[in-house]
Amino acid sequence: MYCANSEPAIRPRIIILTFFLIVLSVNSAWAQDSAAVGENLAEAEVFTPFVSRLETEVIGTQIRLSWTDIPELENVRYNIYRAGVEITGDSFDQARLRGTVESGVETFTDSIPQNGPYYYAVITVDQDNIELPIFIPFRNTNVLAAVVSDIPEGFAVSGISGITAEAGESAIDVRFQTSGDIERLLLYRSTSPITDSDSLSRAIVLDTLDAGERVYRDFVIPGIPYFYAILDADEAVSAAPDLVSGQNSLSEAVELPLGRRYAGVAAGPRNIESLPILVLNQSVLSGNSLPRVSVEIPERRSLSPETSGLVDRLLEPIELPAEGRALPDILATERNPGAEKDQSLVLYSIVSESFSLENYELSQRQLENFLTIPLSEDLENRARYYYAQSLFFTGAYERGFLQFVLIRDWDYDRVSGWMDEILDRLSERE
């Protein structure tokens, strides 16, 4: 039976009961969400795209890395990067790839070229060979540097040290020292410093040397600065060979100076077929002044109509039959260079790398520099032949004609055709 005076006693009980129902529903929902989050976290832990527990240990001239692979993810690889600063997204471009490790190895040993602090990052490469550049301190990167301080001064990087280069009269001598069981060496040359794998890829492999060699004579184009590097042939094919300035890589460029000769003037005594007439104004015997020879200038007269007509006919332009475009001529000596390592290889490189590619302005400058140094008679004539052609194809007909005149006795039949072509083109300008 309901009583009005019992309502105040029932109302607090209803409020308390409602509160407990709300708490229970919230706890149940929180428990379900927590279970879902826990499952997601566990799943994320399995497929986290980076390794964990990266540690470094310095062992003499090496640093040993160890880590824990991504759990239950086997078909991946790991790229090992090294830098002189902590590796982050902003500094990743300063890092060098040191090697690649398959899943399950969980260790890598890096050889160090010189003393200093070193930082590492272990980056995952997925099944599609896509690198995942994620940097997590203390997990796949080290925040505390691995410091190497026991490498002695003059330490030979991969058994090579003390590289130097000295310019002589016609070539550059590259010297170095080797130690250990090196079998073959690769000598590199570039017009820019060779400091890392990128600059090494842009350099040319100059030659393959035996381990016993200590000096290499390089014949180059004068006036161009060159850098050199030398590596163990086995080390050169690695992902990131060590290049240390002053040890196996030249720190400063060396340049073969230009000679005293000029490309437009032949060496030796002047070859002049006729000399100017010597006019004497004083007696050799008495020392007295000689009488001046007076020259009478005739009065101006008009040409006769007949003479005028003949002159006009001589001045009429001559129409020559149209001929094909002149093509560059490459000699057999530059098509098939011999095995000799001398200055002829320099001419071969100019012809093959610029002249044959119709980069005549570049070949002209290179040949001008090349012709300033002492050359054999045959090599100089061949160089002037390409120099004259380069001038011809850049429209410098007068200068090209002079160069062909200088070598006309070398191969008259070959040169005379070019001289005739230049005279024809000059006549078309009139």
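Residues numbered from 1 in each chain as written. Predicted model: local features only at pLDDT ≥ 70, side-chain atom pairs only at ≥ 80, totals over all residues. Heavy atoms only, no water.

**Student:** Talk me through the confidence of the model for the protein; I want residue IDs and the actual numbers.
**Tutor:** Across the protein, the average pLDDT comes to 81, with 77% of residues at or above 70. pLDDT under 50 marks residues 41-46. Its contacts with residues more than four places away, or in other chains, come to five contacts. (pLDDT = per-residue confidence, 0-100. Contact = heavy atoms within 4.5 Å.)

**Student:** Describe in detail the packing of aromatic side chains, supporting the description with residues and values.
**Tutor:** Applying the stated criterion across every chain, the model contains 14 aromatic pairs. When the centroid spacing of 5.1 Å and the interplanar angle of 80 degrees are considered together, the rings of F392 and F393 count as edge-to-face. Between F393 and W418, the ring centres sit 5.8 Å apart and the planes meet at 85 degrees, which makes this aromatic pair edge-to-face. Here F393, found in helix α8 (residues 377-393), pairs with W418, found in helix α10 (residues 412-429); they are 25 residues apart in sequence, far enough to count as distant. Of note, R189 hangs over the ring of Y226, and the distance from its end group to the ring centre comes to 5.1 Å. (Phe/Tyr/Trp six-rings, centres within 6.5 Å; stacked < 30°, edge-to-face > 60°. Helix = DSSP H or I, 4+ residues; strand = E, 2+ residues; numbered from the N terminus. Lys NZ or Arg CZ within 6 Å of the ring centre and 35° of its normal.)

**Student:** Tell me what's going on with the layout of surface pockets, and back it up with residues and numbers.
**Tutor:** Left-over empty space is what a probe sized like a water molecule reveals as it rolls over the atoms. In this structure, the second largest pocket occupies an estimated 530 Å³ of space. What lines the second largest pocket is a set of 25 residues, and nearest its centre among them are R189, I204, L206, S349 and E353. Those elements giving two or more residues to the lining of the second largest pocket turn out to be β11 (184-190), β12 (204-210), β13 (215-218) and α6 (344-355). In terms of residues, the lining of the second largest pocket owes the most to one element, α6, which gives seven residues. Along the lines of polarity and charge, the residues of the lining of the second largest pocket split into 12 nonpolar, five polar and eight charged. (1 Å grid on protein atoms, 1.4 Å probe; cavity = no way out; pocket = protein on both sides within 12 Å on 5 of 7 lines; lining within 4 Å. Points joined across faces, edges and corners; volume = space filled by probe spheres on them. Nonpolar A, V, L, I, M, F, W, Y, C, P; charged D, E, K, R; others polar.)

**Student:** For the nonpolar core, give the residues involved together with the corresponding values.
**Tutor:** The biggest cluster of nonpolar side chains holds 51 residues, and the ones touching the most others in it are Y228, F370 and F404. Ranked by residue count, the leading element in this core is α8, at eight residues. Residues contacting F404, with those up to four places away along its chain left out, are Y385, A388, Q389, V415, W418, M419 and I422. Among the nonpolar cores identified, the runner-up in size contains 18 residues, and Y78, F108, I112 and V148 belong to it. (Core = buried A, V, L, I, M, F, W, Y, C linked by side-chain atoms within 4.5 Å. Buried < 20%, exposed > 50% of the residue type's maximum accessible area, 1.4 Å probe, protein only.)

**Student:** Please give an account of the sheet that holds strand β15 (residues 254-255) that cites residues and values.
**Tutor:** Spatially, the four strands line up as an open sheet ordered β12-β11-β14-β15, and their pairing is antiparallel. Pairing within the sheet leaves two strands with one partner each, and these edge strands are β12 and β15. Bridge count for β11 against β12 is six bridges, and the pairing is antiparallel. Looking at β12, one finds that R184 is bridged to D210. (Pairing = 2+ DSSP bridges.)

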